[in-house]
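Single-letter residue listing:
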Amino acid sequence: MIEHQPTARWIAVEDFLSGVVVHPDSSLQRAVTTALEAGLPPIEVTPNAGKLLKLLVQLSGARRVLEIGTLAGFSTIWMAQGLPDGGKLVTCEFLPQHADVARANVDDAGLGHKVEIRVGAALDTLQALQDEGAEPFDFVFIDADKENDAQYLDWSIRLGRPGTTVVMDNVVWEGAVLDPALDTVNAPGIISALQMMGEDPRLDATVIQTVGSKGWDGFALALVR
Ligand code: DHB
Ligand code: MG
């Protein structure tokens, strides 16, 4: 795992922006607290990134969202808050303990009717969704184990449609994309996914670098052609 090194000023600015602009509601604030209390790692997206996800769901007019990597459901709640009535979000979580915390957080946010949490290896769940003939997803957020990022991206295209939006978290990883020796487990997977973003004719993509409480990182935004 990479060592994140946020500076005090990055964190202070993030807190300022979150308080002045983003306004996470009480259910989102509680989701962070319950996750910490349950001993989950504090690696959820920042509030400003969560709000971006919500806005992207709304801007894209998505009715069906797929999330790969639930953790405690923080990004899940943000995205589900952007869904219209009748919208649906399917989220994949490997660990049952995380899924239990997420379920409680999503229910507490009043979004239980919109969110389905599937427990198990995401690659198995994605295959199952295809086997079940799931309707195409309009929006996909990839934020799970980085080794499989390129496979998750491929599944996003296969379970999506032309026009599907894909967001991938953690694509700069403290600069380890330039120096995979910094994290030989995760960096190669991230680099493969970025190469695919740039080369796969089914995708049009960009990457935004970020700094803040989660250190130096970034997210990719892709459109399925
Ligand atoms: C970490 C951060 C993430 O956003 C994530 O998805 C996984 C791990 C981390 O800081 O280690
Ligand atoms: Mg992440």
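Look above for the structure.
What you are looking at is a predicted structure, and each value in this text was computed from that prediction instead of being measured. (Residues numbered from 1 in each chain as written. Chains lettered and ligands numbered in written order. Predicted model: local features only at pLDDT ≥ 70, side-chain atom pairs only at ≥ 80, totals over all residues. Heavy atoms only, no water.)

A. Main features of the sheet that holds strand β4 (residues 139-142). Across the sheet, which stays open at both edges, the 7 strands sit in the order β3-β2-β1-β4-β5-β7-β6 with mixed pairing between neighbours. Unpaired on one side and paired on the other, β3 (115-119) and β6 (203-212) mark the two borders of the sheet. Each strand of the sheet is rotated relative to its neighbour by a mean of 15°, with strand direction disregarded. Bridge count between β4 and strand β5 (residues 165-169): 4 bridges; the pairing is parallel. Residue pairing for β5: F141 is matched across the bridge by V167. Sheet strands touched by helix α7 (residues 149-158): β1 (64-68), β4, β5, β6 and β7 (215-224). Its angle to β4, the strand with the most contacts, is close to 170°. (Pairing = 2+ DSSP bridges. Helix = DSSP H or I, 4+ residues; strand = E, 2+ residues; numbered from the N terminus. Axes fitted to C-alpha atoms, helices over the stretch in contact; angles between N-to-C directions. Contact = heavy atoms within 4.5 Å.)

B. Looking closely at the site of ligand 1. The full set of residues close to ligand 1 is M1, H4, I43, D143, K146, D169, N170 and W173. A distance of 3.1 Å separates an oxygen atom of ligand 1 from a polar atom in the side chain of D169. Coverage of ligand 1 by the protein chains reaches 84% of its 290 Å² of free accessible surface. Across the shell around ligand 1, the residue classes break down as 3 nonpolar, 2 polar and 3 charged. (Near = heavy atom within 4 Å. Polar contact = N/O pair within 3.5 Å; in protein donor to acceptor, adjacent residues only side chain to side chain. Areas by Shrake-Rupley, 256 points an atom, 1.4 Å probe, with all protein chains shown as cover. Nonpolar A, V, L, I, M, F, W, Y, C, P; charged D, E, K, R; others polar.)

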